[in-house]
Amino acid sequence: MLRAHREIMLRFSLFGIPVTIQPWFWVTIALLGGALHSATPDALLETLIFMVVAAISILVHEFGHALTGRRLGGGYPEVVLWAFGGLAYNHGGRFTRWQRFWMILMGPGAGFLFLGLVAIALILVFGFQGGCNILTVGAIGKVVFPVSEEVLAFLQPHHRPWWVVSSVIWINLWWGLINLLPVLPLDGGRIAELWMRTPRQAYLLSATCAGGVALLFLGRGDLYATLLFGFLAFQSFKHFQELR
Ligand SMILES: [Zn+2]
C-alpha cells in the first residue's frame, strides 16, 4: 500500500527547492474543477484545464513563500501539495517578525503578481478597455467598458483560451483574497497571529471570522465554502478552548 502510494507521488525540484505533489491533491482539485459533472469530452477538458491552472497557481503561491523565506531568513524550503492545497516549509531558517510577515504575505502576493502579468498580456493583446473587460468578466462576471467584437468572440463559453484565462483570474484573485482573511491556518490568520499577544487571542479572532464567513457563504448557497469555513471555525474554537 505504502509502496503504491510512493509510486504515484510526483517529486521534482525547482530553483533548488524540493516539491512533492501527493495523489490526493489531484482528487481535491478535480472535485473543485467540477469533475463530478464532467459528462461530455468538452466538460472533461474544462475540468483538466482548471486542474492544471490550479496546480500552477498553487505552486506560484507556495514558491512566493519559499523563495521569500530563503531570501530573508535562509534555511531549506520545501513545497508540498496535498489534499487541502499547498504548504511551504522552511527548515532551519531564522526570522524576525517582519521577515515572517513578508514570507507569509508573498504567497498571495506571488499570485497577485502572476495575475498582474496575465492582465498586462491581455491589455497588450486586446487594448486597455478590452483587457479590463476580460479581467472583470473573469472576476465578477461583468464588463466595465463597451465590448468590441473581438472581446465578445474571446468570451464565448466554448472558446478554450477563455477557459484558461478565466481559471487564472478566478483562482489567483479570489483564492488569494480569501486566503488573506484572518482565519487560521490561512495566511491572513498567520499574519494576524504575528501581532496578537497570545495564540489564544489569534484563535478567538479566527473562530469569530471563520464563523461569520461561513454564514455569508451559507446565505449565498455555496455549500463547499460554508463547510470549509464552518470546519475552520470549529477547529479554531477548539484550539481556543484547549489553550485556556
Ligand atoms: Zn500560503
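Note that the structure is a prediction, hence the values are computed from the model and not measured. (Residues numbered from 1 in each chain as written. Predicted model: local features only at pLDDT ≥ 70, side-chain atom pairs only at ≥ 80, totals over all residues. Heavy atoms only, no water.)

1. So, the domain arrangement of the protein
Each assigned domain of the protein is listed with its residue range as follows: domain 1 (2-180) and domain 2 (181-244). The interface is formed by 14 residues belonging to domain 1 together with 12 residues belonging to domain 2. The contact between domain 1 and domain 2 buries some 1200 Å² in all, and 69% of this surface belongs to carbon and sulfur atoms. Per-residue buried area on domain 1 facing domain 2 is highest for Arg97, Ile104 and Ile178; these three make up 45% of the total on that side. Those elements that provide at least two residues to the side of domain 1 that touches domain 2 are helix H3 (41-73), helix H4 (97-140) and helix H6 (160-178). In terms of residues, the side of domain 1 that touches domain 2 owes the most to one element, H4, which gives 7 residues. (Domains from an automatic or database assignment. Contact = heavy atoms within 4.5 Å. Buried area = accessible area lost by both parts, 1.4 Å probe. Helix = DSSP H or I, 4+ residues; strand = E, 2+ residues; numbered from the N terminus.)

2. Description of the packing of aromatic side chains
Per the stated rule, a full pass over the model turns up 14 aromatic pairs. Taking the centre distance of 5.2 Å and the plane angle of 75 degrees together, the rings of tryptophan 82 and phenylalanine 84 count as edge-to-face. Centre to centre, the rings of tryptophan 98 and phenylalanine 101 are 5.1 Å apart; their planes meet at 75 degrees, and the pair counts as edge-to-face. Of the two residues, tryptophan 98 and phenylalanine 101 both sit in helix H4, 3 residues apart, roughly one turn of that helix. A relative accessible area of 51% means that tryptophan 98 is categorised as exposed. Feature note: the residues Trp98, Phe101, Trp102 and Trp195 constitute an aromatic cluster, connected by ring pairs. (Phe/Tyr/Trp six-rings, centres within 6.5 Å; stacked < 30°, edge-to-face > 60°. Buried < 20%, exposed > 50% of the residue type's maximum accessible area, 1.4 Å probe, protein only.)

3. Comments concerning the pattern of salt bridges
Summed over the entire model, instances satisfying the criterion amount to 2 salt bridges. A salt bridge links aspartate 42 to arginine 160, with the nearest nitrogen and oxygen atoms 2.7 Å apart. With a gap of 118 residues between them, aspartate 42 in helix H3 and arginine 160 in helix H6 connect regions that are remote in the sequence. We classify arginine 160 as partly exposed; its relative accessible area is 42%. Residue arginine 190 is joined to aspartate 187 by a salt bridge in which the shortest nitrogen-to-oxygen separation is 3.0 Å. Taken together, the residues arginine 190 and aspartate 187, both in helix H7 (residues 187-194) and 3 residues apart, mark about one turn of the helix. (Salt bridge = Lys/Arg side-chain N within 4 Å of Asp/Glu carboxyl O.)

4. Some remarks on the coordination of the zinc ion
For the zinc ion, the full set of protein donor atoms is His61 (NE2), His65 (NE2), Asp187 (OD) and Asp187 (OD), at a range of 2.0 to 2.8 Å. Taken together, the 4 donor atoms coordinating the zinc ion span angles of 51 to 144 degrees at the metal, a pattern that classifies the geometry as irregular. Donor residues for the zinc ion, ordered by position in the chain, follow H-x3-H-x121-D. Of this pair, histidine 61 sits in helix H3 while aspartate 187 sits in helix H7; the two residues are 126 residues apart in sequence, bridging distant segments of the chain. Neither histidine 61 nor aspartate 187 differs from the other in exposure class; each is buried. (Donors = N, O, S within 2.8 Å, 3.2 Å for Na, K, Ca; no water. Tetrahedral: all angles 85-135°; square planar, octahedral: opposite > 155°, others 65-115°.)

5. Details of the UniProt feature "domain: Peptidase M50" (unreviewed entry) in the protein
Those residues carrying the UniProt feature "domain: Peptidase M50" (unreviewed entry) are residues 50-203 in this numbering. As a span, residues 50-203 carries 69% helix and 9% strand, and end to end its C-alpha atoms are 33 Å apart. (UniProt positions renumbered as here; feature names shortened; annotations may be inferred.)

6. Considerations on the side chain of threonine 68
By secondary structure assignment, the location of threonine 68 is in helix H3. Contacts of threonine 68, omitting those with residues within four sequence positions, involve Phe63, Trp102, Met103 and Met106.

7. A closer look at H7
Most of H7 is tucked away: 6 of the 8 residues are buried. Taken residue by residue, H7 has Asp187, Gly188, Gly189, Ile191, Ala192 and Leu194 as its buried positions. Where H7 is buried, its residues contact H3, H4 and helix H8 (199-219).

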